[in-house]
Amino acid sequence: MPPEPTDAVKQGAATPAATGGALRPAEPGTRAGGRARALLHGLGPVLGLVVLCITGTLLNGDFATLDNVMNVLTRTAFIGIIAVGMCFVIISGGIDLSVGSMAALIAGAMILVMNRLAPSLGSPTSVIALGIGLALLLGALFGLTHGLLITRGGIEPFIVTLGTLGIFRAYLTYFADGGALTLDMDLSDAYSPVYYANLLGIPIPVWVFLAVALLGGLILNRTAYGRYVQAIGSNEQVARYAAVDVNRIKVLTYMLLGICVGIATVLYVPRLGSASPTTGLLWELEAIAAVIVGGTALKGGSGTITGTVVGAVLLSVISNILNLTSIISVYLNSAVQGFVIIGVAFMQRRRK
Amino acid sequence: MKSVLRKLALGASTVAALLTASGALAQTQNQVNMGVAIPAATHGFTGGIVWWANQAKKDLEKAHPGLKITVKTAANAPEQANQLQDLLTVNKINTLVVFPFESASLTKPVAQVKSKGVYVTVVDRGLTDTSAQDAYVAGDNTAFGKLAAEYLAKKLNGKGNIVALRGIPTTIDNERMDAFNAVMKNYPDIKLLDARYANWNRDDAFKVMQDYLTRFKQIDAVWAADDDMAVGVLKAIEQAKRTDIKEVFGGAGAKGMVKTIIDGKNKLIQADVSYSPKFIYDAIKLTAEARVKGEKLPPNTIIPSVLITKENAKDFYFPDSPF
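Residues numbered from 1 in each chain as written. Chains lettered and ligands numbered in written order. Predicted model: local features only at pLDDT ≥ 70, side-chain atom pairs only at ≥ 80, totals over all residues. Heavy atoms only, no water.

Caption draft 1: View of the interface of chain A and chain B. The partner chain B presents 28 residues to the 31 residues of chain A that form the contact. When the two sides are added together, the surface that chain A and chain B hide from each other amounts to roughly 2600 Å², 48% of it contributed by carbon and sulfur. The three residues of chain A that bury the most area against chain B are Leu272(A), Asn323(A) and Val330(A), which together make up 22% of that side's buried surface. Inspection of the chain A/chain B interface yields 3 salt bridges. Notably, a salt bridge pairs Asp211(B) with Arg75(A), separated by 3.0 Å at the nearest N-O pair. Counting the contacts that link chain A with chain B gives 13 residue pairs in polar contact (both at pLDDT 80 or more). Elements with a contribution of two residues or more to the side of chain A that touches chain B: helix H3 (66-91), helix H8 (193-196), helix H12 (246-272) and helix H14 (305-324) of chain A. Here the element with the most residues in the side of chain A that touches chain B is H14(A); it accounts for 5 residues. For the side of chain A that touches chain B, the residue count by class is 10 nonpolar, 17 polar and 4 charged. (Contact = heavy atoms within 4.5 Å. Buried area = accessible area lost by both parts, 1.4 Å probe. Salt bridge = Lys/Arg side-chain N within 4 Å of Asp/Glu carboxyl O. Polar contact = N/O pair within 3.5 Å; in protein donor to acceptor, adjacent residues only side chain to side chain. Helix = DSSP H or I, 4+ residues; strand = E, 2+ residues; numbered from the N terminus. Nonpolar A, V, L, I, M, F, W, Y, C, P; charged D, E, K, R; others polar.)

Caption draft 2: Spotlight on the pattern of salt bridges. Under the counting rule described, the total for this entry stands at 18 salt bridges over all chains. Its salt-bridge partner being Asp194(B), residue Arg215(B) comes within 2.8 Å of it at the nearest N-O pair. Of this pair, Arg215(B) sits in helix H7 (residues 202-215) while Asp194(B) sits in strand E7 (residues 190-197), and the two are 21 residues apart along the sequence. With a relative accessible area of 12%, Asp194(B) lands in the buried category. Salt-bridge contacts for Lys278(B) lead to Asp282(B); the nearest nitrogen and oxygen are separated by 3.5 Å. One salt-bridge network, in which partners are shared between bridges, spans Glu236(A), Arg240(A) and Lys250(A). (Buried < 20%, exposed > 50% of the residue type's maximum accessible area, 1.4 Å probe, protein only.)

Caption draft 3: The packing of H3(A) against helix H9 (residues 204-222) of chain A, seen in detail. Residue and element names in this part refer to chain A. Their axes nearest at 8 Å, the elements H3 and H9 cross at an angle of 15 degrees. Viewed along their axes, H3 and H9 adopt a mutual orientation that is roughly parallel. Once H3 is placed against H9, the crossing between them reads as left-handed. Residues Leu 73, Thr 74, Thr 76, Ala 77, Gly 80, Ile 81, Val 84, Phe 88 and Ile 91 of H3 touch H9, and the partners they reach there are Pro 205, Val 206, Val 208, Phe 209, Val 212, Ala 213, Gly 216, Ile 219 and Leu 220. By residue class, the composition of the contact of H3 with H9 is 14 nonpolar, 4 polar and no charged. (Axes fitted to C-alpha atoms, helices over the stretch in contact; angles between N-to-C directions. Parallel < 35°, antiparallel > 145°, perpendicular 65-115°, else oblique. Left-handed = near helix turned anticlockwise from the far one by under 90°.)

Caption draft 4: Main features of the sheet that holds strand E8 (residues 221-223) of chain B. Residues and elements named next belong to chain B. What the 4 strands build is an open sheet, ordered E7-E6-E8-E9; its pairing is parallel. In this open sheet, the two edge strands, each paired with only one partner strand, are E7 and strand E9 (247-249). On average, each strand axis in the sheet is inclined to that of its neighbour by 15 degrees, with strand direction left out of account. One ladder, built from 3 bridges, connects E8 with E9; its direction is parallel. The partner of Trp 223 across the bridge, within E9, is Phe 249. The strands that H7 touches are strand E6 (160-166), E7 and E8; relative to E7, the one it contacts most, it runs at about 140 degrees. (Pairing = 2+ DSSP bridges.)

Caption draft 5: Local environment of the nonpolar core. Membership of the largest hydrophobic core comes to 179 residues, with the highest contact counts inside it found for Met209(B), Ile219(B), Trp223(B), Val248(B), Ile280(B) and Ile284(B). At 14 residues, H3(A) tops the list of elements feeding residues into this core. Ala77(B), Val110(B), Val113(B) and Ala138(B) belong to the second largest nonpolar core, which has 19 residues in total. (Core = buried A, V, L, I, M, F, W, Y, C linked by side-chain atoms within 4.5 Å.)

Caption draft 6: Spotlight on unusual backbone geometry. We note that Ala243(A) has phi near 65 degrees; this positive angle belongs to a residue other than glycine. The backbone of Asn199(B) sits at a positive phi, close to 60 degrees, despite the residue not being glycine. In this structure, Asn199(B) sits in the loop between E7 and H7. Classification of Asn199(B) as partly exposed rests on a relative accessible area of 31%.

Caption draft 7: Broad picture of helix H3 (residues 77-89) of chain B. Residues and elements named next belong to chain B. For H3, with 13 residues, the first-to-last C-alpha span of 19 Å sits near the 18 Å given by 1.5 Å per residue. Listed in full, the buried residues belonging to H3 are Ala 77, Gln 80, Ala 81, Gln 83, Leu 84, Leu 87 and Leu 88. In a view along the axis of H3, the buried residues occupy a sector of 160 degrees, so they form one face of it. Across from the buried face of H3, at angles greater than 90 degrees, the exposed residues are Pro 78 and Gln 85. Packed against the buried residues of H3 are strand E1 (32-39), strand E2 (67-74), strand E3 (95-98) and helix H4 (103-115). Measuring from the backbone nitrogen of Glu 79 back to the side-chain oxygen at the start of H3 gives 2.9 Å, which picks out Asn 76 as the cap. (Expected span 1.5 Å × (residues − 1). Arc of directions from axis to C-beta.)

So this is what it looks like as structure tokens:
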């Protein structure tokens, strides 16, 4: 262990190469200005979300109903949870294009194993517990593989995960025989509360999303690991000189993301009780979009979990509003989303 | 070594075929070397296409000794175009059955194959220039929309609110929607509240349906326009605990849905319309049999879409198929 890891990293982060951000100590003179800028910059997505919500309410009174809000938050949970993991990877200067395919394969594997175990284990609860364990384990393993290929193998993250994007989905298609893998009826019934049940009037996936986001924020801002992640993204070379074990930290970020994908899958499977080759299509882009809209730079260095969560919610709100109104031709739905993504990113752009 | 042997065997079988041909003129069996180019199994329906194509290869190669079938699956249009070239130059096919990945971009490559003297049957997704094909075999998209509309209109006694889910913006989807609307024009008291794209995808259908349920307080029937989408629709209805909806009509005759109809398990699901990926099997079979006899197919063959209800559902249930 390095003697003073935190200070060393702080020095690294404060080099001229580092980009501005709320968490980074700035020169004393510019501190106030930097903070104001950071605040404004962090406000972009929140402002975007508020504007969208007002628009939504004006266009359709049902938008602001509790049911609809819960629908939107629940469906955001998958992408949101993955986006929290993705936020770490992107801050560290990496990327993972495989998360959608990974979620699909994990869902498929879960269903296969649970169906296989059901007759011999009897109690659905233990089968489901094993399934959940498997999902988290697989996520961590896939993340570990990514991390090792990237650090030890010296392959670009973009290339590694582009490869596994194809591999994961192909294996799911193969396991599903081109069709769909469907969970046993009894298991499906026993498992469905994980998605459909409420706790204090709030659906379980929303609670899980909240917990993951809080934990993510805590890890990013309050642990040495979190600071290392930011330092590596800021300037990998400097972090190395500061005796940060760059490879280990990087592997951990991919594992963290893999576990997040596992958690998202655990919530996804009870929704429809099946996985097919279209499961999780384009989730990687949605998760990356959520992170970027939330104010994290694609080149890494700094970013916030709050921003990421707001980004994810913002993206689901857009499609929800489009579904609740019929002002814009359905052909243009994706265009509207594209405009909003670019608009929000523009609002919170930073000077470089 | 192996290829030499195979060539020898092929030569021998050709000689044998010629001998039998000269022996019994009535039983002419032409050597048919067929290539089948189809999209890869990326969702339930194309999964079914791949399964039925391989099933056709198995059945037909057994039935016709002079027939050789090579099945190629492609993940996108350019890959399929490459495979067509390979089929021609490497596999030396003289017959092609192609399910084009995209209509426009595959037209030229298929035309090229045909210009080399290969007999071409196009399946389902048509080409933009029909002179690039010898025969066309397809499911009936007009009936797909029309049967659904007629069934729902009858079920609602000509009065009520319907929401529809659409697939991916494509010509087939437009054909289905137009046919549906054409029937509904005769029922002024039935209101189509909205039709949104859910991309033939369960997850998207779930979201779209949730939003419909928020937006419309009274929905009498849902035209899900696909069995995969119907699954998402049912889940959303179940979650919202809505009881106003009387019928959910899917489409394509996926085995799970057909089973539901046979068992009468869900009162919302009473009927379906067939649009089975089995038509690739029919297309391969029709082409192979015609070519073996040295005949031609009619320029257009439409595999009818049929209303599936509890009475006839057994005939549409293929438990081994992945779809």
